[in-house]
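Here is what each chain is made of, one letter per residue.
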Amino acid sequence: MRNVILDCDPGHDDAISIIIAASNVSDLNILGITTVAGNVEVEKNTINTLKICELLELDVPVVQGARRPLVKASEIAPEIHGETGMDGPVLADPKMQVTEGHAVDFIIDQVMNSSEPVTLVPTGPLTNIAMALIKEPRIIENIDEIVLMGGGTFGNWTPAAEFNIFVDAEAAKVVYDSSVPVTMFGLDVTHQVIATKDIIERTAKIDNKIAVFVKELLIFFGETYKNHFGFNGGPIHDACTTMYLLKPELFQTEYLNVTVETKGEYSYGMTVIDTLSVTGREPNTNVALGVNTDEFWTLFEEILKSFDGGQ
Ligand code: RIB
Ligand code: CA
């Protein structure tokens, strides 16, 4: 079992990433799920996380984190994920309670006290991760990898910047410059895993409550991406992180130097990927650039079917 902490802003695709990690074909040991301001306010992201855990019967600590980025004012995306942050499916109000304390302290405590290295899996802005690295730099010694969704060679929030990085570019720079090994799933690869009508139809054939929930997430998310970007479905960005942890061979990566622009008027939040190694800076990031989509969706179906006969 691989120890992981999921740091997220559910978020339709964050929800799917959590489901993958919690599935019956997963060998991940979820130490906890931390939440961060991103798609919507952190309180809403936390409620969504509790709802997802309750649906999954996943009894792990859910710990709320940063309400705003390190420097900039908050930026949210209700136009993409709806006012609740997870519009579309209707889940019961959670009975499950949030765990007391702050996500940053939870991450530090878990990493410092884990007998085995911990993988951090952020799928929202990197505020919590950066704050943990700043507050307790010794955690670097027991983090085996940061597997994140964010960035890319183009943007979806500005022409240069992807949303997660743009919301808190200063935090992202702390993470990329930290010396912790980073594996990055940016838009170059996440836009290759679009949940088209065919994928939704395949999901609709799986008869359990988790698959029904995922189908409803994909329908809403697909409509948003059709209306906003003219896509033929929603790219399930965040799912790439936990799919990679289950089956890394699904993805083609390149080991490159990546840093983050925090000053540019037009390029703030850009992940500056040194594809041709022109800077001479040491590589620091496994950048995912390709994915075997047939195998990705086959595993996706297997994961959803693993909830047959209960949660
Ligand atoms: O740009 C895509 C990212 O922004 C995803 O993590 C999505 O959930 C939103 O947070
Ligand atoms: Ca997210």
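Asker: Can you lay out the overall build of the protein chain for me, pointing to particular residues and giving the numbers?
Answerer: The helix and strand tally for the protein chain stands at 12 helices and 12 strands. In terms of overall dimensions, the protein chain is globule-like: its C-alpha atoms have a radius of gyration of 18 Å, near the 19 Å expected for 311 residues. Here the C-alpha coordinates of the protein chain stretch approximately 50 × 40 × 35 Å along the principal axes. When burial is assessed residue by residue, the protein chain has 60% of its 311 residues classed as buried. When contacts within the protein chain are restricted to residue pairs at least 6 apart in sequence, those whose partners lie at least 24 apart make up 83%. Accessible surface for the protein chain amounts to roughly 12,400 Å². Of this, 52% is attributable to carbon and sulfur atoms. When the 20 basic and 45 acidic side-chain charges of the protein chain are each reduced to a single mean position, those positions are 3 Å apart.

Asker: Describe the pairing of strand β6 (residues 182-185), with residues and values.
Answerer: Each regular strand displays side chains that alternate between the two surfaces of the sheet. Burial along β6 is two-sided: the face carrying V182 and M184 and the face carrying T183 and F185 are both buried. By the bridge criterion, four bridges tie β6 to strand β12 (residues 285-291) in an arrangement that is parallel. Of the residues in β12, the one forming a bridge with M184 is V287.

Asker: For the site of ligand 1, give the residues involved together with the corresponding values.
Answerer: Near ligand 1, the surroundings consist of 13 residues, among which D13, T123, N156, E162 and D238 are the closest. Within the side chain of D13, a nitrogen or oxygen atom sits 2.7 Å from an oxygen atom of ligand 1. N164 has a polar side-chain atom sitting 3.0 Å from an oxygen atom of ligand 1. Only α1 (12-22) and α6 (163-167) provide two or more residues apiece to the shell around ligand 1.

Asker: Describe in detail the coordination of the calcium ion (ligand 2), supporting the description with residues and values.
Answerer: Protein coordination at the calcium ion (ligand 2): the donors are D9 (OD), D14 (OD), D14 (OD), T123 (O) and D238 (OD), at 2.2 to 2.6 Å from the metal. Judged by its relative accessible area of 1%, D14 is buried. Its relative accessible area of 2% is what places D238 among the buried residues.

Asker: A description of the sheet that holds strand β5 (residues 143-149) should follow, citing residues and the corresponding values.
Answerer: The strand order β3-β2-β1-β4-β5-β6-β12-β9 describes an open sheet built from eight strands, whose pairing is mixed. Taken across any chain shown, the strands that pair with only one partner, and hence form the sheet edges, are β3 (62-64) and β9 (251-256). Averaged over all pairs of adjacent strands, the angle between their axes in this sheet comes to 25 degrees, without regard to strand direction.

Criteria and cut-off values
- Residues numbered from 1 in each chain as written.
- Chains lettered and ligands numbered in written order.
- Predicted model: local features only at pLDDT ≥ 70, side-chain atom pairs only at ≥ 80, totals over all residues.
- Heavy atoms only, no water.
- Helix = DSSP H or I, 4+ residues; strand = E, 2+ residues; numbered from the N terminus.
- Rg over C-alpha atoms; globule rule 2.2 N^0.38 Å.
- Buried < 20%, exposed > 50% of the residue type's maximum accessible area, 1.4 Å probe, protein only.
- Contact = heavy atoms within 4.5 Å.
- Areas by Shrake-Rupley, 256 points an atom, 1.4 Å probe, with all protein chains shown as cover.
- Lys, Arg positive; Asp, Glu negative; His and termini not counted.
- Charge placed at Lys NZ, Arg CZ, Asp CG, Glu CD.
- Pairing = 2+ DSSP bridges.
- Near = heavy atom within 4 Å.
- Polar contact = N/O pair within 3.5 Å; in protein donor to acceptor, adjacent residues only side chain to side chain.
- Donors = N, O, S within 2.8 Å, 3.2 Å for Na, K, Ca; no water.
- Axes fitted to C-alpha atoms, helices over the stretch in contact; angles between N-to-C directions.

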